[in-house]
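# Coordinate analysis (summary)
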Amino acid sequence: MLDLVLEEANKTGTGKVRKINLVFGDMAGVVGDCVQFYFEFLSRGTIAEGASVSFRKVPTQARCRECGQEFTPEEFDWSCPKCHKVSVEITAGKELFVESIEVE
Amino acid sequence: MKVNIKILKDILSANDQIAERNRALLDKHKVFALNVMSSPGAGKTSLILDTIRTLKKRKRVGVIEGDISSTIDAEKVKKERVPVLQINTGGECHLDAAMINRALENMPLEEMDLLFIENVGNLVCPGEFKLGEDRKVLIVSAPEGDDKIYKYPLLFHLADAVVVNKIDLLPYTTFDVDGFSKALKGLNQKARLFRVSCTTHEGIEDWTDWVLSTMRPPKQTSRRQPRP
């Protein structure tokens, strides 16, 4: 993440990175506190030092292959709330990307 | 003045690029790679060993072992007289493409048809990191419980094959194989399900038959189409 941010920030030739807007899905296995902790450590001495990291979490979304219903699966229940079949396509929740950065 | 820059770039894109390079290198040497994942103790090494013993006369197998520490697994594989390389991640809970890239440089790829990459025992992080493999194989063992599919849906969603191991212990557990099979079908229609015991060797042939059939055609024939 840091490499990506530094690469993009350097392209603009500006001074400091102030904020990083991160998007991650429920299924991506990302723990915001850990990202923050390691980011602070790794970014020392770079133009991203001191930047705040904001997290936008995307809930898991599934689409029923049978009836097309979109829904958020329950922990132990991936069946469609409309037709009760269990056959899903995961449409959201696997994201893990840097949406934007604010530089100054 | 503050400027907002849109990026929209995947954080793991750097890993994915290296994975593509691994993939190209494996393709060049016509080596088919399986990324084997499971929680610790589900039987990754046992399944790899059983597969080597079954396929040894037909395919030249190599193994990359991933562990946080120790060479215990590599020592076991070494006894089968196949090329093996141990990666110690030193704390990291998964293998990444760069580790595999370095490992591949040190493996006799020209002497191999099939490469097993045994990931670090973990059902979370290995799912995120592509290594350049052809297929993802997930093992779940009967004593772990059939609820693992609900607890770690991402890996089950991504797997090309799911192996239920330790089926000899099924009578002593509440693991519902039919219920598990239905749940898997719901979450991942492409995944093949195998029921094996690396202790009694039941089901191993079904599994190795799949390995053979999913491998690209024999070396003298034309190349498989590239991955999307």
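What this report covers is the structure whose coordinates are included nearby.

Calculation criteria
- Residues numbered from 1 in each chain as written.
- Chains lettered and ligands numbered in written order.
- Predicted model: local features only at pLDDT ≥ 70, side-chain atom pairs only at ≥ 80, totals over all residues.
- Heavy atoms only, no water.
- Helix = DSSP H or I, 4+ residues; strand = E, 2+ residues; numbered from the N terminus.
- Rg over C-alpha atoms; globule rule 2.2 N^0.38 Å.
- Buried < 20%, exposed > 50% of the residue type's maximum accessible area, 1.4 Å probe, protein only.
- Contact = heavy atoms within 4.5 Å.
- Areas by Shrake-Rupley, 256 points an atom, 1.4 Å probe, with all protein chains shown as cover.
- Lys, Arg positive; Asp, Glu negative; His and termini not counted.
- Charge placed at Lys NZ, Arg CZ, Asp CG, Glu CD.
- Arc of directions from axis to C-beta.
- Buried area = accessible area lost by both parts, 1.4 Å probe.
- Salt bridge = Lys/Arg side-chain N within 4 Å of Asp/Glu carboxyl O.
- Polar contact = N/O pair within 3.5 Å; in protein donor to acceptor, adjacent residues only side chain to side chain.
- Nonpolar A, V, L, I, M, F, W, Y, C, P; charged D, E, K, R; others polar.
- Pairing = 2+ DSSP bridges.
- Axes fitted to C-alpha atoms, helices over the stretch in contact; angles between N-to-C directions.
- Core = buried A, V, L, I, M, F, W, Y, C linked by side-chain atoms within 4.5 Å.

Check the secondary structure of chain A and you find two helices and six strands. Listing each helix as α and each strand as β along chain A from the N terminus yields α-β-α-β-β-β-β-β. Computed over the C-alpha atoms, the radius of gyration of chain A is 18 Å, more than 25% above the 13 Å expected from 2.2 N^0.38 for a compact globule of 104 residues. Taking the principal axes of its C-alpha atoms as reference, chain A extends roughly 55 × 25 × 15 Å. Counting over 104 residues, chain A shows a buried share of 41%. The contacts in chain A between residues at least 6 apart in sequence include a share of 68% that link residues at least 24 apart. Entry remark: accessible area of chain A is about 5500 Å², with carbon and sulfur atoms responsible for 50%. Charge-centre separation for chain A: the mean point of 12 positive side chains lies 3 Å from the mean point of 17 negative side chains.

A separate point is the overall build of chain B. Counting its secondary structure elements, chain B contains eight helices and eight strands. For 228 residues, the compact-globule estimate of 2.2 N^0.38 gives 17 Å, and chain B sits close to it at 18 Å. Among the 228 residues that make up chain B, the fraction classed as buried is 54%. Restricting to contacts in chain B with at least 6 residues of sequence separation, those with at least 24 account for 74%. Of the roughly 10600 Å² that chain B leaves accessible, carbon and sulfur atoms contribute 51%. For chain B, the distance from the average site of its 35 positive side-chain charges to the average site of its 31 negative ones is 5 Å.

In this section: helix α2 (residues 32–42) of chain A. In an α-helix there are 3.6 residues to a turn, and that puts residues three or four apart on one side. Residues and elements named next belong to chain A. Those residues of α2 that fall on the buried side of the exposure criterion are Gly32, Val35 and Phe39. In an axial view of α2, the angular spread of the buried residues amounts to 60°, which keeps them on one side of the axis. Exposed residues on α2 whose side chains face more than 90 degrees from its buried face are Asp33 and Phe37.

Let's shift gears to the interface of chain A and chain B. Of the residues lining the interface, 31 residues belong to chain A; the matching set on chain B comes to 23 residues. Summed over both sides, the interface of chain A with chain B buries roughly 2600 Å², with 63% coming from carbon and sulfur. If you look at where chain A meets chain B, you find one salt bridge. The closest approach of N and O atoms between Glu8(A) and Lys9(B), which form a salt bridge, is 2.9 Å. Where chain A meets chain B, there are twelve residue pairs in polar contact (both at pLDDT 80 or more). If one sorts the elements of the side of chain A that touches chain B by residue count, strand β6 (residues 96–103) of chain A sits on top with eight residues. Taken together, the residues of the side of chain A that touches chain B sort by class into 15 nonpolar, five polar and eleven charged. Pairing of β6(A) with strand β1 (residues 3–10) of chain B, which is carried by six bridges, proceeds in the antiparallel orientation. Note on β1(B): the bridge partner recorded for Glu102(A) is Asn4(B).

Turning next to the sheet that holds β1(B). Across a sheet, paired strands are connected by hydrogen bonds in the backbone, their directions being either parallel or antiparallel. One open sheet holds the four strands; their spatial order is β2(A)-β1(A)-β6(A)-β1(B), and the pairing between them is mixed. Edge positions in the open sheet fall to β2 (52–58) of chain A together with β1 of chain B, since each of these has one partner strand only. The sheet shows a mean angle of 20° between the axes of neighbouring strands, direction not considered. Relative to β2(A), strand β1 (residues 17–25) of chain A runs parallel, the two being bridged by seven bridges. Bridging across to β2(A), Leu22(A) finds its partner in Phe55(A). Lying over the sheet, α2(A) contacts β1 and β2 of chain A, oriented at roughly 155° with respect to β2(A).

The next thing to look at is the nonpolar core. The tendency in soluble globular proteins is for nonpolar side chains to be buried as a group. Within the largest apolar cluster, 28 residues are counted, with the highest numbers of intra-cluster contacts made by Leu138(B), Phe156(B), Val162(B) and Phe180(B). Contributing elements (two or more residues each) for this core: β3 (61–64) and β5 (88–92) of chain A together with β6 (135–141), α6 (153–158), β7 (161–165) and α7 (177–187) of chain B. The dominant element in this core, judged by the number of residues it contributes, is α7(B), at five residues. Not counting residues up to four positions away in its chain, the partners in contact with Leu138(B) are Met37(B), Ser38(B), Leu123(B), Leu155(B), Phe156(B), Ala159(B), Ala161(B), Val162(B) and Val163(B). The next biggest cluster of nonpolar side chains, apart from the first, holds 27 residues, and it includes Leu47(B), Val82(B), Val137(B) and Ala161(B).

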